[in-house]
Amino acid sequence: MDNNNLDFLLSEFRSFGGIAENICQKNGKHGRGIFSLNPNQRSRIFAPSELIIKKEDIYLDSNHLRIKKNKGYSTKVREFFNYYQDNFSWGKGGKETTESFEKELCNFPSNFKELIKINLSVDIELRHKGKWDNFVKNQFLNCIAFNFRGNSVIFPLLELINHEVNSFPFIKRFNGISSDPLML
């Protein structure tokens, strides 16, 4: 992980009113993500509502996640989102991880796919119909989205917190979402 990129990102994140304390990005036992820089100190992330991006406002442009032009986000928010997605999220392993998972599903034996279809109501063949790149983008966004104020949204940095499934939930506030200090 390039510390200069992370320092720049965190500086920009804080300029929106975000809080990011005692964090780093690396690979851990659950994969890539945000972790405590010093596990003996509290870590915290607060993503301000200004950085909320509705999932439906995101599209794929030449293999880059971008915000649709007619959605009313400021240039500064768009630039932050682009930098974040290109250097920390989609472009830094998010696409590849999602695509790898879906390709592995494709490689399941047909009898196993049929068992999944019958018992889990997931039709892998039907799941992968349509344009592959858009499918991968949608699966990625579905995995990182939060429900906030009745919308499916993306919050930069929070989606990268690497934690156990049974960790404390995020704390929703009127002006954003915060991580529990104990979860990193």
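Heads up: the structure comes first, above all this text.
Thresholds applied
Residues numbered from 1 in each chain as written. Predicted model: local features only at pLDDT ≥ 70, side-chain atom pairs only at ≥ 80, totals over all residues. Heavy atoms only, no water. Pairing = 2+ DSSP bridges. Helix = DSSP H or I, 4+ residues; strand = E, 2+ residues; numbered from the N terminus. Polar contact = N/O pair within 3.5 Å; in protein donor to acceptor, adjacent residues only side chain to side chain. Contact = heavy atoms within 4.5 Å. Core = buried A, V, L, I, M, F, W, Y, C linked by side-chain atoms within 4.5 Å. Buried < 20%, exposed > 50% of the residue type's maximum accessible area, 1.4 Å probe, protein only. Phe/Tyr/Trp six-rings, centres within 6.5 Å; stacked < 30°, edge-to-face > 60°. Lys NZ or Arg CZ within 6 Å of the ring centre and 35° of its normal. Expected span 1.5 Å × (residues − 1). Arc of directions from axis to C-beta.

Undergrad: Mind laying out the pairing of strand β9 (residues 151–154), listing which residues take part and the relevant values?
TA: Pairing analysis gives two bridges linking strand β5 (residues 53–54) to β9, with the strands arranged antiparallel. When the bridges of β9 are listed, Ile-53 appears paired with Ile-154. In textbook terms, the turn of a hairpin is the stretch between consecutive antiparallel strands, and for strand β8 (residues 146–148) and β9 this stretch comprises two residues, one of which, Arg-149, has a positive phi near 55°.

Undergrad: I'd love a proper account of the side chain of Gln-85, names of residues and values included.
TA: Along the polypeptide, Gln-85 turns up in helix α2 (residues 75–87). There is a polar contact of 3.3 Å between the side chain of Gln-85 and the side chain of Ser-89. Residues in contact with Gln-85, not counting those within four places in the same chain, are Leu-65, Trp-90, Gly-91, Lys-92, Phe-140, Ile-154 and Glu-159.

Undergrad: Tell me about the nonpolar core, and name the residues and values.
TA: If you look at the biggest cluster of nonpolar residues, it comprises 38 residues, and the most contacted ones within it are Phe-13, Ile-45, Leu-65, Phe-155 and Leu-157. Considering each element in turn, this core owes the most residues, five residues, to helix α6 (residues 132–144). Ignoring any residue separated from it by four or fewer positions in sequence, one finds Leu-65 in contact with Ile-58, Tyr-59, Leu-60, Phe-81, Asn-82, Gln-85, Trp-90, Lys-137, Phe-140 and Leu-141.

Undergrad: How would you explain the packing of aromatic side chains if you had to name every residue and give the values?
TA: For the structure on display, the rule yields 11 aromatic pairs. Taking the centre distance of 5.0 Å and the plane angle of 75° together, the rings of Phe-8 and Tyr-83 count as edge-to-face. Taken as a pair, Phe-8 in helix α1 (residues 3–15) and Tyr-83 in helix α2 lie far apart in primary sequence, 75 residues in all. Given a relative accessible area of 21%, Tyr-83 falls into the partly exposed group. Among the aromatic side chains, those forming a connected cluster through ring pairs are Phe-8, Phe-13, Phe-16, Phe-80, Tyr-83, Tyr-84 and Phe-88. Here the basic side chain of Lys-26 rests over the ring of Phe-35, its NZ or CZ set 5.3 Å away from the ring centre. A cation sits over an aromatic face here: Lys-76 above Phe-16, 4.8 Å from the ring centre.

Undergrad: Quick rundown of α2? Include the residues and the values.
TA: An ideal rise of 1.5 Å per residue puts 18 Å on 13 residues; α2 measures up with 18 Å between its terminal C-alpha atoms. All buried positions along α2 are accounted for by Val-77, Arg-78, Phe-80, Phe-81, Tyr-84 and Gln-85. Along the axis of α2, the buried positions cluster into a sector of 165°, meaning they face one direction only. Set apart from the buried face of α2 by more than 90 degrees, the exposed residues are Thr-75 and Glu-79.

Distances and angles like these do not, on their own, reveal function.
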